[in-house]
Amino acid sequence: MSLKKKSNRPCTEPANPTGCQEPKGSRKVRHAPPITVGGNDGEDATVGTECDLHAEVGPLEADGVRQVIITHAGKILLDTLINTEKPAKRAAAIAAASESRGLSDLQIRLLDAEIVARSQEVDESILLAKKLTSEQRPRNFRDGNQSMTRQLAALMDNETFFHCTQEIGYVTLKDGNDRKTLKIEDSNFKKLLIGRYFKAYDRVPSEQAVKEAIALLDAKAVYSGHKEAVHVRYAEHDGNVYVDTANAECPFIEITKDGWKPCAQPPVKFIRPRGTQPLPVPTRGGSITSLKRFVNVAPADWPLLAGFSLAAVMPSGPYPIAMFQGQQGSAKSTTCRILGKLIDPRVASMRPELRRVDDLPTLATNCRLIQVDNVSFIGDDISDALCRLSTGGGCGTRKLYTDNDQVLFEGSRPIILNGICELASRGDLIDRSIIFHLPTISDRDRRSESELMAEFDGAAPGILGALYDAVAESLRKRADVKLKQMPRLADFAIRVVAAESALGLSPNSFMEAYQRNRDDLHHLVLDSSPVYAALEDFAKDCIDKGMPNWEGTATDLFEEVVSQYSAVRRYTGWPSSPKALSDRLRRMAPNLKEVGIEVDFRRRNVRRLIRLTFTGKFREVLGDIAAHKLELSLEDER
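Residues numbered from 1 in each chain as written. Predicted model: local features only at pLDDT ≥ 70, side-chain atom pairs only at ≥ 80, totals over all residues. Heavy atoms only, no water.

**Student:** How should the packing of aromatic side chains be read in this particular structure?
**Tutor:** Given two aromatic rings, one states the distance between the centres and the angle between the planes to describe the pair. Summed over the entire model, instances satisfying the criterion amount to ten aromatic pairs. With a centroid separation of 5.4 Å and 75° between ring planes, the pair formed by phenylalanine 294 and phenylalanine 456 is classed as edge-to-face. With phenylalanine 294 in the loop between strand S12 (269–270) and helix H8 (302–312) and phenylalanine 456 in helix H13 (residues 449–477), this residue pair connects regions lying 162 residues apart in the sequence. Taken individually, phenylalanine 294 and phenylalanine 456 each receive the classification buried, so the pair is uniform in this respect. Measuring from centroid to centroid gives 5.9 Å for phenylalanine 538 and tryptophan 550, while their planes differ by 80°, and the two rings are edge-to-face. In this pair, phenylalanine 538 is assigned in helix H16 (residues 530–544) and tryptophan 550 in strand S20 (residues 549–552), connecting sequence segments twelve residues apart. Of the aromatic side chains, those joined through ring pairs into one cluster are Phe492, Phe510 and Tyr514. Taking the ring centre of tyrosine 514 as reference, the NZ or CZ of arginine 518 above it sits at 5.8 Å. Just above the ring of phenylalanine 601 sits the side chain of arginine 586; from NZ or CZ to the centre is 4.0 Å. (Phe/Tyr/Trp six-rings, centres within 6.5 Å; stacked < 30°, edge-to-face > 60°. Helix = DSSP H or I, 4+ residues; strand = E, 2+ residues; numbered from the N terminus. Buried < 20%, exposed > 50% of the residue type's maximum accessible area, 1.4 Å probe, protein only. Lys NZ or Arg CZ within 6 Å of the ring centre and 35° of its normal.)

Shown next, in the form of structure tokens:
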């Protein structure tokens, strides 16, 4: 198709028929590309550029066509973009413009071509915007939170993510020479993440973005990270002991059979729960006997305290339960705080009396050393839970009251209790305990706590270094230790005996003190039980009758004891039934054996029998009791 050249007569169409001005800020029409219009034969024909238009129809005509296009293109183009039926809408709009403006056929075709060109420009702009990265997009985009989430996650790209055996996500952070491991769901990690974002972008991320980033990183740790155990304060790897001092000057200590030394990168992961405080930096040349100046224990009990301190810094149990008992003013709490600062310093390390078993899993998860202050009573359920923590076992509690998730702990922990009264009466708890009876401090010998703590802080590095020397000696010699008799918590006893020389103890001094303490504990259990009071009298009568043993059912024993000693029914805590008596004897069996009464439960046909055997040791105990009573009576006569 060819275009006929029109005459150069003045254009009857004004340059801007409507008198409207081009909207401010509107995009200029691009005329540089060729304009294509539909031909009469059904094929597209190229009209040319704007310069060709000027040459073909004259400058005035061409300018008039351009002004008409600019005037009407805004609304027509808008209608074209927001409707799916673009050709029909465009045709109707052009027809309306032609009728109202009296446009020529050429002007209509040029207007149609210009609208198509503008539509293509807008489509290209949309495609370009979709290609922009999240960092290049403006903040008012719909996925702004996702962009911030990715920015938060990118701040942790250089850290190590892993999960523990309970499928909980953790991250290990590099902080100079230190290595910190945080639980991803912990509030400390959330604060760290917000702090890094603030330093990088000088603004605070949205709460939703932080939640999404934490969920993303937790999934990365659980599903992409490796599985590894986490530890609090002490850990063992390949026979060596590692200590997390949480001290920037010397973050970690490695203890081997050859001694101890600072360690830059331990092969284990440590977590530092809230409240963790740094241990002193250990020094060489100190002595653990320096600790005597700061704790109030009897000289005979010093080997036991040194042994407990050694066991408490070992990574695995079993651990004895240290019970400090004494009158007001015997420095029970101060002695416990001193030990806490040496083993596991924490903020608010002394906890109030335990009332619920559910408190123990949380304590064991977040504390290496469990300390309970001013205990007045230990219930049966708390007693059982403490026994499990002493020798190793599992416990759990609900994480939140709104779901079924649990806080689980499996393992063992050293435990310190203090109080005025006798803290335990059940045999299984006492069998795992070391009881320290603290002497009363006179006013003349009393010191202020601030002065005592200041002096201890100066001596603590040397004491700690000597304690680590003792750990190294225990690792080196414990395989050679052979005990004549294996007591309860035998592993604990072996470790301490192996380190006696490093602890400044003479040979066998620990086992002598330990056995003496256990004997006292057995008598404590029996003396506090109304069953033993009646059983002791019953055993005396049997011996007097020439019966070295007795056998019968629990009902037989219950009726014989009650019939012969009717006063036992008035005892507080006396069993109310034969079954209750049998259960009490089962618990007391280890303690009774220590005083010469062996309890054996057996079954004959359908009968369940109890056999009591009175050994020569019981006769010795009776002789000691009689001698003691005779001595008391002689003193009364004097």
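**Student:** It is not clear to me how the pattern of salt bridges should be interpreted in this structure. Could you clarify?
**Tutor:** A pair can form between side chains of opposite charge whenever their charged atoms are brought close. Under the defined criterion, the tally for this structure stands at 23 salt bridges. The partner of glutamate 254 in a salt bridge is lysine 261, and the shortest N-O contact between them spans 3.8 Å. Assessed through its relative accessible area of 14%, glutamate 254 is described here as buried. Looking at lysine 261, the relative accessible area reads 46%, which means it is partly exposed. The shortest N-O distance in the salt bridge between glutamate 551 and arginine 604 comes to 3.1 Å. Of the two residues, glutamate 551 is situated in strand S20 and arginine 604 in strand S21 (residues 597–604); the sequence distance between them amounts to 53 residues. Given the relative accessible area of 28%, glutamate 551 is considered partly exposed. What emerges from the salt-bridge pattern is a single network uniting Glu551, Asp600, Arg602, Arg604 and Arg611. (Salt bridge = Lys/Arg side-chain N within 4 Å of Asp/Glu carboxyl O.)

The values reported here are purely geometric and, on their own, carry no functional implication.
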